[in-house]
Amino acid sequence: MTLGSEWAALSLYISGVALTGERGGLIAPTVYFIWVYSTQVRVIPLKWIVAGVLVALVGGTVIANYRQGDGLSPGSPNAVIQNAVGGVSSSAWLTEQTVIYVPSMAGYMHGSTYLAAVESQLPGPVARAVGAPTRTASAVFRNIIGFSDPNQGFAESYPSEAYLNFGLAGCLSAGIFLGALMGWAWRKRRVTATRPRDLLYPVLLAGLVYGFRSDALTQIKDVLYPMLAVWVLMRWYRLRFNGRRATSRSGLDPPGV
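Rules used in this analysis
- Residue positions are given per chain, counting from 1 as you read along its sequence in written order.
- Whole-chain, interface and lining totals are the exception, using all residues; otherwise, since this is a predicted model, local features are given only for residues with pLDDT of at least 70 and side-chain atom pairs are given and counted only at 80 or more.
- For side-chain calculations, the full set of non-hydrogen atoms in the structure is used, while hydrogens and water are omitted.
- Numbered from the N terminus, helices here are DSSP runs of H or I no shorter than four residues, and strands are runs of E no shorter than two.
- For each residue, the accessible area found with a 1.4 Å probe, counting protein chains only, is set against the maximum for its type, and the residue is called buried under 20%, exposed over 50%, and partly exposed in between.
- Using the Shrake-Rupley algorithm and a 1.4 Å probe, accessible areas are obtained, with residue cover drawn only from the displayed protein chains.
- Cavities and pockets were defined on a 1 Å grid built over protein atoms only: a cavity is a set of grid points that admits a 1.4 Å probe from which the probe cannot escape, a pocket is an open set flanked by protein on both sides within 12 Å along at least five of seven lines, and lining residues are those with an atom within 4 Å of any such point.
- Grid points are joined across faces, edges and corners, and a volume is the space filled by probe spheres set on the points.
- Classification convention: Asp, Glu, Lys, Arg as charged; Ala, Val, Leu, Ile, Met, Phe, Trp, Tyr, Cys, Pro as nonpolar; all other residues, Gly among them, as polar.
- Aromatic pairing here means that ring centres of Phe, Tyr or Trp (its six-membered ring) are within 6.5 Å. Orientation follows from the plane angle: under 30 degrees is stacked, over 60 is edge-to-face, and everything else is tilted.
- Two conditions define a charge sitting above a ring: the NZ of Lys or the CZ of Arg must be within 6 Å of the ring centre, and it must be within 35 degrees of the ring normal.
- Any carboxyl oxygen of Asp or Glu that lies within 4 Å of a side-chain nitrogen of Lys or Arg is treated as forming a salt bridge with it.
- Patch definition: residues above 30% relative accessible area lacking any salt bridge, with like charges linked at up to 9 Å and the nonpolar side chains Val, Leu, Ile, Met, Phe, Trp and Tyr linked at up to 5 Å.

A. Quick look at the overall build of the protein. Summing up its helical and strand segments, the protein has ten helices and zero strands in all. Element order for the protein, N to C, with α for helix and β for strand: α-α-α-α-α-α-α-α-α-α. A burial count over the protein gives 26% of its 257 residues as buried. As presented, the protein carries roughly 16,100 Å² of accessible surface, and 67% of it is formed by carbon and sulfur atoms.

As structure tokens, then:
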């Protein structure tokens with residue numbers, strides 16, 4: 001694949017996601033692209049970062065207005081700021097609501113939502129057979145607050161799910177775990193990736209913004225699936241390279257040459 005076709009594929013993806021009115025699908029690829037550029041090309045200047053943040057805030061507001069049927073105008077600067085603050089406050093609001101209901105009206109889950117998130121990675125029929133979808137953090141939270149609208153819902157966040165399971169101790173432990181995991185992935189990374197673990201840090205970093213506002217089910221999927229894709233791709237290229245090298249050693253031209 002040539003560089004031009006790669007840019008064309010990236011542009012097509014960005015355009016397709018933007019037309020759907022969803023912002024979440026753009027966050028992780030953008031963060032990953034920034035990481036790749038800063039490590040493989042050059043360190044990104046501060047003025048570029050500031051400009052990028054401003055463009056992201058305005059672009060996010062435009063998409064939000066489009067989804068609400070208000071056209072493609074970002075509106076006033078105050079509207080842009082309110083939209084940005086609203087996105088950041090989601091996790092705080094969910095945690096506040098969880099604290100209101102737990103443990104006064106419902107007991108702590110003692111890690112059961114994390115177990116359900118792991119079980120949900122099984123094939124669909126198996127996961128449904130063990131009842132995993134009904135025991136995830138988001139499903140439990142909706143049951144606790146009595147929310148049953150099938151067309152809307154709430155996805156528990158990283159801190160609120162930790163409180164739902166273990167209270168304040170869970171929030172503290174979740175913060176320590178996240179910091180330790182990111183630190184370990186940073187130390188194990190390599191600029192020139194030769195194994196999936198070398199890319200764990202940028203994958204975690206790319207999914208952090210969206211994953212922080214999601215429950216463990218989404219967080220696991222957003223890391224597990226990309227890492228599996230990286231493993232398959234690296235494995236395929238390694239087998240292909242070894243095959244070409246073996247053919248070359250035998251004195252024959254490799255296929256396609």
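Still more ground to cover, so stick around.
B. Local environment of the layout of surface pockets. Of the pockets and cavities examined, the second largest pocket occupies roughly 1,200 Å³. Lining of the second largest pocket is provided by 26 residues; of these, Y32, V36, L199, V230 and L233 occupy positions nearest its centre. Sorting the residues of the lining of the second largest pocket by element identifies α1 (3-20), α2 (24-40), α9 (200-211) and α10 (216-249) as the ones contributing at least two each. It is α10 that provides the largest number of residues to the lining of the second largest pocket, a total of eight residues. Across the lining of the second largest pocket, the residue classes tally to 19 nonpolar, four polar and three charged.

C. Representation of the packing of aromatic side chains. The full count for this structure, using the stated rule, is six aromatic pairs. Here the aromatic rings of Y37 and W48 are separated by 6.3 Å at their centres, their planes lie at 35°, and the arrangement is tilted. Here W48 lies in helix α3 (residues 46-67) and Y37 lies in helix α2, a separation of eleven residues in the sequence. Using a relative accessible area of 39% as the deciding quantity, one classes W48 as partly exposed. Across from the ring centre of W186, 3.4 Å away, lies the NZ or CZ of R189, which sits over that ring.

D. Examining the pattern of salt bridges more closely. Under the defined criterion, the tally for this structure stands at two salt bridges. Measuring nitrogen to oxygen at the nearest pair gives 2.4 Å for the salt bridge that ties R135 to E119. Taken together, the positions of R135 in the loop between α6 (124-129) and α7 (137-145) and E119 in helix α5 (residues 112-119) put the pair 16 residues apart, joining distant regions of the chain. Residue D198 pairs with R195 through a salt bridge whose shortest N-O separation is 3.3 Å. For D198, a relative accessible area of 0% translates into the label buried.

E. A nonpolar patch on the surface, seen in detail. Residues L46, I49, V50, V53, L54 and L57 make up a contiguous nonpolar surface patch of about 540 Å² in total accessible area. Mapping L54 onto the fold places it in helix α3.

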